[in-house]
Amino acid sequence: MAVLPIITFPNAVLRQRARKVREIDKPLLRLAHDMIDTMHANYGVGLAANQVGVLKRVIVIQLPEEEEPRIYINPEIVVREGEREVEEGCLSVPGYIGTITRSILVRFRALDSTSKLVRLKADGLLAQALEHEVDHLNGVLYIDHLKSHEALRELPPPGAEDAAEPKEAATEVHAV
Ligand code: NI
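Below: a short report on this structure. (Residues numbered from 1 in each chain as written. Predicted model: local features only at pLDDT ≥ 70, side-chain atom pairs only at ≥ 80, totals over all residues. Heavy atoms only, no water.)

1. Re the overall build of the chain
- Scanning the chain from terminus to terminus reveals three helices and eight strands.
- Since a compact globule built from 176 residues should have a radius of gyration of about 16 Å, the 16 Å found for the chain is in line with a globular shape.
- Considering only C-alpha atoms, the chain reaches an extent of 50 × 35 × 35 Å along its principal axes.
- The buried share of the chain, reckoned over its 176 residues, is 45%.
- Considering only residue pairs separated by 6 or more positions, the chain has 68% of its internal contacts joining residues 24 or more positions apart.
- Total accessible area computed for the chain in this model is approximately 9600 Å², and 51% of it derives from carbon and sulfur atoms.
- Side-chain charges in the chain split into 21 positive and 27 negative, and the spacing between the mean points of these groups amounts to 11 Å. (Helix = DSSP H or I, 4+ residues; strand = E, 2+ residues; numbered from the N terminus. Rg over C-alpha atoms; globule rule 2.2 N^0.38 Å. Buried < 20%, exposed > 50% of the residue type's maximum accessible area, 1.4 Å probe, protein only. Contact = heavy atoms within 4.5 Å. Areas by Shrake-Rupley, 256 points an atom, 1.4 Å probe, with all protein chains shown as cover. Lys, Arg positive; Asp, Glu negative; His and termini not counted. Charge placed at Lys NZ, Arg CZ, Asp CG, Glu CD.)

Take a look at the structure:
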């Protein structure tokens, strides 16, 4: 298990489409577990393989209230329903958050780490993370969904915040 370096914008790997996984073998599972370690080390709720420089269709997600991380291989959003505004951040775009539109509900399918087909219906942060990570696999970043420059905001650098001031956005918005 290892914490891998996270590739950041504007690296071209983030703009490439990841390839479908043909075989869920040991090296692929090692990659997924390294991605989980990397997500944990950076306090993210999700990570896509592009973000560690690997163009394979693998994502990992762990919501704040969940005890176990999820590994999804060849994930697909099958249905999107509704629209809502969300605040979003990304480990590959450090120091910023933005307001964008995501779906209210998604239907999703993928293979899990045992090659079993998983189908699920998701809303809330899980739906947001699934859309965000599948976007990564297609070379899309959340900043592509911004409607205006004003929708992107810079966060104060780490350590710069006044101890007397509560950290608002940074603690509420989960980087994915
Ligand atoms: Ni991201």
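2. Side note on the coordination of the nickel ion
- Only Cys-90 (SG), His-132 (NE2), His-136 (NE2) and Val-176 (O) from the protein coordinate the nickel ion, and they sit 2.0 to 2.3 Å from it.
- Taken together, the four donor atoms coordinating the nickel ion and their angles of 93 to 153 degrees define a geometry best described as irregular.
- The sequence pattern formed by the donor residues of the nickel ion is C-x41-H-x3-H-x39-V. Here His-132 pairs with His-136, and both are found in helix H2 (residues 124–137), just four residues apart, close to one helical turn. As far as burial versus exposure is concerned, His-132 and His-136 are alike and both buried. (Donors = N, O, S within 2.8 Å, 3.2 Å for Na, K, Ca; no water. Tetrahedral: all angles 85-135°; square planar, octahedral: opposite > 155°, others 65-115°.)

3. Here's the deal with the sheet that holds strand E1 (residues 46–48)
- A sheet is described by the order of its strands in space; here five strands give the open sequence E1-E2-E3-E6-E7, paired in antiparallel fashion. Edge strands, defined here as strands with exactly one partner in the open sheet, are E1 and strand E7 (117–123). Each strand of the sheet is rotated relative to its neighbour by a mean of 35 degrees, with strand direction disregarded.
- Where strand E2 (residues 58–61) meets strand E3 (residues 70–81), four bridges bridge the pair, whose relative direction is antiparallel. Paired with Val-60 across the strands is Ile-71, a residue of E3.
- Contacting E1, E2 and E3, helix H1 (residues 26–41) runs over the sheet at an angle of about 40 degrees to E2.
- H2 rests against E1, E2, E3, strand E6 (105–111) and E7 of the sheet, and its axis sits at about 120 degrees to E7. (Pairing = 2+ DSSP bridges. Axes fitted to C-alpha atoms, helices over the stretch in contact; angles between N-to-C directions.)

4. Here's the deal with the nonpolar core
- Counting 21 residues, the largest nonpolar core has Ile-59, Tyr-72, Phe-108, Leu-120 and Leu-130 as its most contacted members.
- Elements with a minimum of two residues in this core: E2, E3, E6, E7 and H2.
- For this core, the element with the highest residue contribution is H2, accounting for six residues.
- Apart from residues no more than four positions distant in its own chain, Leu-130 is found in contact with Ile-59, Ile-61, Tyr-72, Ile-77, Val-106, Phe-108, Leu-120 and Ala-122.
- By size, the runner-up hydrophobic cluster in this structure holds 17 residues, among which are Ile-24, Ala-32, Leu-47 and Ala-175. (Core = buried A, V, L, I, M, F, W, Y, C linked by side-chain atoms within 4.5 Å.)

5. Some details on the sheet that holds strand E5 (residues 96–102)
- Taken in spatial order, the three strands of this open sheet run E4-E5-E8, and their pairing is antiparallel. In the strand order of this sheet, the two ends are held by strand E4 (84–88) and strand E8 (152–154), each with one partner. Each strand axis lies, on average, 20 degrees off the axis of its neighbour in the sheet, ignoring direction.
- Bridge analysis of E5 against E8 gives three bridges, and the strand direction is antiparallel. By the bridge assignment, Ile-97 is partnered in E8 with Arg-153.
- In the packing of H2 onto the sheet, contacts are made with E4 and E5, and the angle to E4 comes to roughly 70 degrees.

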